[in-house]
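Architecture and fold: a report
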Amino acid sequence: SIRGKIIKGLVISTKMKRTIVVRRDYLHYITKYRRFEKRHKNIHAHCSPAFPVKEGDIVTIGQCRPLAKTVKFNVVAHEAQRETAGRKRFRMF
């Protein structure tokens, strides 16, 4: 069951069995300098075989109960790849 956070991110790895790695880019505000800095987190998510997910796709993931030590999200929706982007390129949604 999905509860908690719902996040959009870029798939950067599909090497594991039924688990993907999603990169979430965001901006963090630094009060002292009144500027933003780019940050990112890699989130592991369970991917059902019903979703034909490839690297570079954009997925929506929802929080669920812990499925493994690092897997606490589940793929909810999948958008096909729009363009070929670098793996570490910063991308906001």
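Cut-off values and rules
Residues numbered from 1 in each chain as written. Predicted model: local features only at pLDDT ≥ 70, side-chain atom pairs only at ≥ 80, totals over all residues. Heavy atoms only, no water. Helix = DSSP H or I, 4+ residues; strand = E, 2+ residues; numbered from the N terminus. Buried < 20%, exposed > 50% of the residue type's maximum accessible area, 1.4 Å probe, protein only. Contact = heavy atoms within 4.5 Å. Lys, Arg positive; Asp, Glu negative; His and termini not counted. Charge placed at Lys NZ, Arg CZ, Asp CG, Glu CD. Polar contact = N/O pair within 3.5 Å; in protein donor to acceptor, adjacent residues only side chain to side chain. Pairing = 2+ DSSP bridges.

Before going further, it helps to examine the overall build of the chain. Check the secondary structure of the chain and you find 0 helices and 5 strands. Starting at the N terminus and ending at the C terminus, the chain contains elements arranged as β-β-β-β-β. Put simply, the chain has 93 residues, and 31% of those count as buried. The contacts of the chain with a sequence gap of at least 6 include a subset with a gap of at least 24, amounting to 56%. Here the chain holds 23 positive side-chain charges and 6 negative ones, and the gap between their average locations is 8 Å.

Take the side chain of Arg23 next. Within the fold, Arg23 resides in strand E2 (residues 19-30). Polar contacts involving the side chain of Arg23 include one to the side chain of Asp25, which spans 2.9 Å. Apart from residues no more than four positions distant in its own chain, Arg23 is found in contact with Gly9, Leu10, Ile12, His40, Lys41, Asn42, Arg87, Lys88 and Arg89.

Before going further, it helps to examine the pairing of strand E5 (residues 71-79). In terms of strand pairing, strand E3 (residues 35-46) meets E5 through 3 bridges, oriented parallel. Residue His44 lies in a different strand from E5, and its bridge partner there is Val71. Pairing geometry for strand E4 (residues 58-63) and E5, over 6 bridges, is antiparallel. Across the sheet, Ile58 pairs through a bridge with Glu79, a residue of E5.

Further remarks concern the side chain of Asp25. As for its placement among the helices and strands, Asp25 is situated in strand E2. Setting aside residues up to four positions removed in sequence, Asp25 forms contacts with Arg39, His40, Arg89, Phe90, Arg91 and Met92.

This is a description of form; function is not addressed.
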